[in-house]
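Results of the structural survey
In case you want the letters, here they are:
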Amino acid sequence: MAMNGFSKMAATAILLVLAIVPAAMAVNHTVGGAEEWSSGVDYTDWVKGKTFRVGDILEFKYGSSHAVDVTTKAGYDNCDTSESTANHFDGDTKIELKTAGTKYYICPTPGHCQNGMKLTVTVVAASPATPTPPSSTPGTPPSTPGSPPAAGTPPSTPDSPPPAGTPATPTPPTSSPPPPSGASKGVMSYVLVGVSMVLGYGLWM
Ligand SMILES: [Cu+2]
């Protein structure tokens, strides 16, 4: 039953790593790139080719003549500030994209929105699955690369593990290329893998 404990430990380490990766992929988008949030920038052009996911950040950087209004489609289309649901004017506004859907932002300074200082982005689900276009049906499940081993099945263990109580039975595993000299060494390698993954996780953070 010792093998079970070790494989559980390794599986836990793997799950920890897998759980961290998507969180690390949240992106901070500086609106307008180097041109930031200002007059004379084509924001429909800036949006092209970019993917905005739930959890990403839109960062608006701008001078004191500008501001950011969160608005509706009507507010965006008509540059109508009476539609605004929030107003930011601190010069460095970070807006987290909390839900999927289409978002609308305009500069409320008179004339700026009409001259193109307006932004709309389509936010998609957080999972890094297939980048589906916004209008298609969001029914495709996230595609996992390959087929992961079933839970509880330790990777590359000997087909017939030694019975508990006889630790020194030299049965080399058939699936791993370099056969260790004993079953106990095989167990030790699993411990080392598990420990190094946990250590790597710790260093990574
Ligand atoms: Cu402006």
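Residues numbered from 1 in each chain as written. Predicted model: local features only at pLDDT ≥ 70, side-chain atom pairs only at ≥ 80, totals over all residues. Heavy atoms only, no water.

Going by the annotation in an unreviewed UniProt entry, the name recorded for the protein is Phytocyanin domain-containing protein, with Eruca vesicaria subsp. sativa given as the source organism.

1. A short note on the coordination of the copper ion
Ideal geometry at a metal gives 109.5 degrees between four tetrahedral donors and either 90 or 180 degrees between six octahedral ones. Donor atoms from the polypeptide that coordinate the copper ion comprise His66 (ND1), Cys107 (SG), His112 (ND1) and Met117 (SD), at 2.1 to 2.5 Å from the metal. Here the copper ion binds 4 donor atoms, and the angle range of 91 to 133° at the metal identifies the geometry as tetrahedral. Donor residues for the copper ion, ordered by position in the chain, follow H-x40-C-x4-H-x4-M. The burial state of cysteine 107 is the same as that of histidine 112; both residues are buried. (Donors = N, O, S within 2.8 Å, 3.2 Å for Na, K, Ca; no water. Tetrahedral: all angles 85-135°; square planar, octahedral: opposite > 155°, others 65-115°. Buried < 20%, exposed > 50% of the residue type's maximum accessible area, 1.4 Å probe, protein only.)

2. Digging into the environment of cysteine 107
Relative to the assigned elements, cysteine 107 resides in the loop between strand S7 (101-106) and strand S8 (118-124). Taking the relative accessible area as the measure of exposure, cysteine 107 reaches 1% and is therefore buried. The spacing of cysteine 107 and methionine 117 is 10 residues in sequence and 5.8 Å in space, taken between C-alpha atoms. Ignoring sequence-local partners within four residues, the contact set of cysteine 107 consists of Trp37, His66, Ala67, His112, Cys113 and Met117. (Helix = DSSP H or I, 4+ residues; strand = E, 2+ residues; numbered from the N terminus. Contact = heavy atoms within 4.5 Å.)

3. Side note on the sheet that holds strand S6 (residues 92-96)
Either a parallel or an antiparallel arrangement is found when strands of a sheet pair, and the pairing is made through backbone hydrogen bonds. What the 3 strands build is an open sheet, ordered S1-S3-S6; its pairing is mixed. With partners counted over all chains shown, the strands left at the sheet margins are strand S1 (28-30) and S6, one partner each. Neighbour-to-neighbour, the strand axes of the sheet open up by a mean angle of 20°, direction not taken into account. (Pairing = 2+ DSSP bridges. Axes fitted to C-alpha atoms, helices over the stretch in contact; angles between N-to-C directions.)

4. As for the side chain of aspartate 69
Position of aspartate 69 among the secondary structure elements: in strand S4 (residues 68-71). A polar side-chain atom of aspartate 69 sits 2.6 Å from a polar atom in the side chain of serine 84. If we ignore the near neighbours within four places in the chain, the residues touching aspartate 69 are Thr81, Ser84, Ala86, Asn87, Tyr104, Tyr105, Ile106 and Pro108. (Polar contact = N/O pair within 3.5 Å; in protein donor to acceptor, adjacent residues only side chain to side chain.)

5. Things to note about the nonpolar core
Among the nonpolar cores identified, the biggest contains 20 residues, and Trp37, Leu58, Phe60, Tyr105 and Leu119 are the most heavily contacted of them. For this core, the secondary-structure elements that each account for two or more residues are helix H2 (43-47), strand S3 (57-61), S4 and S8. Core analysis: the next-biggest nonpolar cluster, separate from the first, contains 5 residues, Tyr76, Tyr104, Ile106 and Cys113 among them. (Core = buried A, V, L, I, M, F, W, Y, C linked by side-chain atoms within 4.5 Å.)

6. What about the state of the cysteines?
Within the structure shown, the criterion is met by 1 disulfide. Sulfur-sulfur distance for the disulfide between cysteine 79 and cysteine 113 comes to 2.1 Å. The disulfide joining cysteine 79 to cysteine 113 has a torsion of about -75° about its S-S bond and is therefore left-handed. With cysteine 79 in the loop between helix H3 (73-78) and strand S5 (86-88) and cysteine 113 in the loop between S7 and S8, this residue pair connects regions lying 34 residues apart in the sequence. (Disulfide = S-S within 2.5 Å.)

7. Here we look at the packing of aromatic side chains
Applying the stated criterion across every chain, the model contains 5 aromatic pairs. Ring centres of tryptophan 37 and tyrosine 43 lie 4.9 Å apart, and the angle between their planes is 55°; this geometry places the pair in the tilted category. By relative accessible area, tryptophan 37 is classed as buried at 1%. Looking at tyrosine 43, the relative accessible area reads 2%, which means it is buried. An aromatic cluster is present here, built from Trp37, Tyr43, Phe60 and Tyr105 joined pairwise through their rings. Above the ring of tyrosine 76, the side-chain terminus of lysine 118 is found at 4.5 Å from the ring centroid. (Phe/Tyr/Trp six-rings, centres within 6.5 Å; stacked < 30°, edge-to-face > 60°. Lys NZ or Arg CZ within 6 Å of the ring centre and 35° of its normal.)

8. Looking at the sheet that holds strand S2 (residues 52-53)
Taken in spatial order, the 5 strands of this open sheet run S2-S8-S7-S4-S5, and their pairing is mixed. The open sheet terminates on both sides in strands that have one partner only, identified here as S2 and S5. Inspection of the sheet shows S4 paired to S5 by 3 bridges, in the antiparallel sense. Directly across from valine 68, in S5, lies its bridge partner histidine 88.

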